[in-house]
Amino acid sequence: MKASLKGRAVRNAKSLGRARRHRRIRARISGTALRPRLAVFRSNRGDYAQVIDDDACRTIAQANWREVKGKTPLLRARAIGTLVAERVLEKKIKAIVFDRGGFRYQGHVRALAEAAREAGLSF
């Protein structure tokens, strides 16, 4: 019983720390119609990305792990970055602001960002 309580406390501390980091990032970053925000979210199951115009409070484009193929989670993250970039470029938007969502810029988040850059987005 004590082990499960300890695990819950650690899990809660990790999520609270990420939420704190995300609030700090969002205080400085905002998406506009000219430069929308590419927000990244990671869960235990997969990755999600959406491009948001914060002024109009609407999502311009999105992609998630269910839509793409890839043998490994890292390859799926790269495919998500490419897919979301293609969808944004169709709407004639080339410049965005990157929001890592409080996650470290490594692994899936970095792969997604680099793939979006390679597909033609600038940030």
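Per chain, the residues get numbers from 1 upward, laid out in the order the sequence is written. Residues qualify for local features only when their pLDDT is at least 70, as the model is predicted, and side-chain atom pairs are given and counted only at 80 or more; totals for whole chains, interfaces and linings, by contrast, use all residues. Remark: hydrogens and water are excluded; side-chain values derive from all non-hydrogen atoms of the structure.

J.: Would you explain the pairing of strand E1 (residues 37-42) in this entry?
T.: Pairs of strands are assigned from DSSP output, requiring at least two bridges between the strands. What counts as a helix is a DSSP run of H or I of at least four residues, what counts as a strand is a run of E of at least two, and both are numbered from the N terminus. Relative to strand E2 (residues 47-53), E1 is paired through six bridges, and the arrangement is antiparallel. Its bridge partner lying in E2, Ala39 is registered against Gln50. Here E1 folds back onto E2 in antiparallel fashion, the turn holding four residues. Across three bridges, the pairing between E1 and strand E4 (residues 97-99) is parallel.

J.: I tried to follow the nonpolar core on my own but got confused; where do I start?
T.: Across soluble globular proteins, nonpolar side chains show a tendency to be buried alongside one another. Core analysis: the biggest nonpolar cluster contains 23 residues, and Leu38 and Ile80 have the highest contact counts within it. For this core, the secondary structure elements donating two or more residues are E1, E2, strand E3 (58-64), helix H2 (73-90) and helix H3 (108-118). For this core, the leading source of residues is H2, giving five residues. By definition, residues are in contact when any of their heavy atoms lie within 4.5 Å. In this structure Leu38 touches Ala49, Gln50, Val51, Val84, Ile96, Val97, Phe98, Asp99, Leu112 and Ala116, once residues within four positions along its chain are discounted. Side-chain atoms within 4.5 Å link the members of a nonpolar core, which is a set of buried Ala, Val, Leu, Ile, Met, Phe, Trp, Tyr and Cys residues. Exposed residues in this analysis have more than 50% of their type's maximum accessible area, buried residues have under 20%, and partly exposed residues fall in between, with area computed by a 1.4 Å probe over protein chains only.

J.: Which parts of the structure should I look at to understand the environment of Ala13?
T.: Along the chain, Ala13 turns up in helix H1 (residues 2-28). For Ala13, a relative accessible area of 49% corresponds to the partly exposed category. For the pair Ala13 and Glu67, spaced 54 residues apart in sequence, the C-alpha separation works out to 31 Å.

J.: Would you mind showing me how to read the packing of aromatic side chains here?
T.: The relative placement of two aromatic rings is captured by the distance of their centres and the angle of their planes. Between the rings of Phe, Tyr and Trp (Trp by its six-membered ring), a pair exists once the centres lie within 6.5 Å; its type follows the angle of the planes, with under 30 degrees stacked, over 60 edge-to-face, and the other angles tilted. Tallied over the full model, the rule gives four aromatic pairs. With a centroid separation of 5.9 Å and an interplanar angle of 65°, the aromatic rings of Phe41 and Phe103 are classed as edge-to-face. Of the two residues, Phe41 is situated in strand E1 and Phe103 in the loop between E4 and H3; the sequence distance between them amounts to 62 residues. Overall, Phe41 belongs to the partly exposed group, its relative accessible area being 36%. Summarising the aromatic geometry, the rings of Phe98 and Tyr105 are spaced 6.2 Å apart at their centres and angled 85° between planes, so their arrangement reads as edge-to-face. Grouping aromatic residues by their ring pairs yields a cluster made of Phe41, Tyr48 and Phe103.

J.: Just checking my understanding: could you explain the side chain of Asp99 for this structure?
T.: The topology assignment puts Asp99 in strand E4. Whenever two N or O atoms come within 3.5 Å, that pair is a polar contact, provided that in protein one can donate a hydrogen and the other can accept it, and provided that, for residues adjacent in sequence, both atoms are side-chain atoms. Within the structure, Asp99 has its side chain in polar contact with the side chain of Arg37 (distance 2.8 Å). Excluding anything up to four places from it in sequence, Asp99 contacts His22, Ile25, Arg26, Arg37, Leu38, Ala39 and Val40.

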